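What the coordinates show
For reference, the chains in residue letters:
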Amino acid sequence: MNGITLPDVFMLLVAVLGGATAILVVVSRNVVHAALYLVVTLLSVAGAFLMLGAEFLAWSQVLVYVGAVVVLILFGLMLTRAPIGPMAQHNEQGVLALGVSLALFGFLCVVIFQAFGDVRLILVPVTTAAIGEVLYVQWAFPFMSLGFLLTVALIGAIVMARREEGEGPEPPAETDADAGSRLRPHRPDLTTAEPGVFAEREQQVRS
Amino acid sequence: MAAVYPLIFAALLFCVGVYGVLSRRNAVLVLMSVEIMLASVTINLVTFGEIAKARGDVLLTGQVFALFVLAVGAAEVGVGLALVLLLYRNRASVNIDEADLMKY
């Protein structure tokens, strides 16, 4: 009963992949890289759903999170003009936050191993048809109120994010990094740096 | 499959999300950490739903609740990004350490 079976191995692989990329999401100094690591984390969560036999949930995770939410987050990064390059993204509470999360993880590990250390899951795949039957019969009212909640949330988001006349200060002007090629070169006589051009000039000065 | 693997995976994701929420500066990165925490909660729901199913639950409560959390998470990202855009428009910055207008 205590041997490691094939589902255990796959679950461990998925857990290692998801945990490593989740840590990369929170420590990455480049915000776009963090969003792309988040894709791998959410995909590994979908893999964990597949291993647990929840196929409909796994594919809705891929569609909703990897497809829509990550694109929304990338739009958010773009609209707030997030710095593309690497820069310091952590505040001065980093050590304290690390302590809190490590303590929480240790506590959760102790609790989980004490309470569920010897529980084994009997994995029976739940087909999409089976979850649809209970979702549209027994869970019909919660499901419809979920649709209402989504509608209200989307209308609220649109109302909040709509720009009104003369609201707030203007965002800061473009920095040098944004301006790119429109900046004038610092040496007007030398627009491109070609190899050997400095040596040539030095020779001219000497002769 | 032993029940501890998905549960430890979920605990790890949750703690990483807590670290991200507490230590990140950029509000969008804080939202991403909240997403990681929501994903870990759905893993927990599905795992306990499997245990409940083995003990005679025919309503698939765990998976249906995980589906609800998925949808609520999508709504949360929409509203959260609207709030971040509003913050950026009013303060010209998404650094949540600078969003201290209601402090004291």
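What this report covers is the structure whose coordinates are included nearby. Worth saying up front: this structure is predicted, and the values here are computed from it rather than measured.

Rules of the game
- Residues numbered from 1 in each chain as written.
- Chains lettered and ligands numbered in written order.
- Predicted model: local features only at pLDDT ≥ 70, side-chain atom pairs only at ≥ 80, totals over all residues.
- Heavy atoms only, no water.
- Contact = heavy atoms within 4.5 Å.
- Buried area = accessible area lost by both parts, 1.4 Å probe.
- Salt bridge = Lys/Arg side-chain N within 4 Å of Asp/Glu carboxyl O.
- Polar contact = N/O pair within 3.5 Å; in protein donor to acceptor, adjacent residues only side chain to side chain.
- Helix = DSSP H or I, 4+ residues; strand = E, 2+ residues; numbered from the N terminus.
- Nonpolar A, V, L, I, M, F, W, Y, C, P; charged D, E, K, R; others polar.
- Patch = residues over 30% accessible without salt bridge, like charges linked within 9 Å, V, L, I, M, F, W, Y side chains within 5 Å.
- Areas by Shrake-Rupley, 256 points an atom, 1.4 Å probe, with all protein chains shown as cover.
- Buried < 20%, exposed > 50% of the residue type's maximum accessible area, 1.4 Å probe, protein only.
- 1 Å grid on protein atoms, 1.4 Å probe; cavity = no way out; pocket = protein on both sides within 12 Å on 5 of 7 lines; lining within 4 Å.
- Points joined across faces, edges and corners; volume = space filled by probe spheres on them.
- Axes fitted to C-alpha atoms, helices over the stretch in contact; angles between N-to-C directions.
- Parallel < 35°, antiparallel > 145°, perpendicular 65-115°, else oblique.

Let us look at the interface of chain A and chain B. With 92 residues of chain A in contact, the opposing surface of chain B contributes 72 residues. Buried area between chain A and chain B, summed over both chains or domains, comes out near 7,400 Å², and the portion from carbon and sulfur atoms is 77%. When the buried area of chain A at its contact with chain B is split by residue, L121(A), W139(A) and M160(A) rank highest and sum to 9% of it. Taken together, the links from chain A to chain B amount to zero salt bridges. Taken together, chain A and chain B are joined by 11 residue pairs in polar contact (both at pLDDT 80 or more). At the level of elements, α1 (6–27), α2 (31–51), α3 (55–79), α4 (94–116), α5 (128–137) and α6 (140–161) of chain A are the ones that each hand at least two residues to the side of chain A that touches chain B. Each residue belonging to the side of chain A that touches chain B can be placed in one class, and the counts come to 66 nonpolar, 19 polar and seven charged.

Before going further, it helps to spend a moment on a nonpolar patch on the surface. Residue and element names in this part refer to chain A. Together, I4, L6, V9, F10 and L13 line one region of the surface with nonpolar side chains, adding up to about 500 Å² of accessible area. You can see F10 is positioned in helix α1. Its relative accessible area of 42% is what places F10 among the partly exposed residues.

All right, on to the layout of surface pockets then. Of the voids in this model, the second largest pocket is the one considered here, and its volume is about 300 Å³. Put simply, the parts of the chain that give the lining of the second largest pocket at least two residues each are α3 and α6 of chain A together with α3 (61–91) of chain B. Considering each element in turn, the lining of the second largest pocket owes the most residues, seven residues, to α3(B). Per-class residue counts for the lining of the second largest pocket are 16 nonpolar, two polar and no charged.

Next up on the list: the side chain of T21(A). Residues and elements named next belong to chain A. Mapping T21 onto the fold places it in helix α1. Accessibility expressed as a relative area gives 9% for T21, which makes it buried. A polar atom in the side chain of T21 sits 2.9 Å from the backbone oxygen of L17. For T21, the residues in contact, after removing those within four places along its chain, are Y37, V40 and T41.

This brings us to the packing of α6(A) against α3(B). Close contact between α6(A) and α3(B) brings their axes to 9 Å; oriented N to C, the two are set at 10°. With respect to α3(B), the axis of α6(A) lies roughly parallel. Along the contact surface, α6(A) presents P142(A), F143(A), L146(A), L149(A), L150(A), A153(A), A157(A), M160(A) and A161(A), while α3(B) presents F68(B), A71(B), V72(B), A75(B), G78(B), V79(B), A82(B), L83(B), L86(B) and R89(B). Taken together, the residues that form the contact of α6(A) with α3(B) break down as 17 nonpolar, one polar and one charged.

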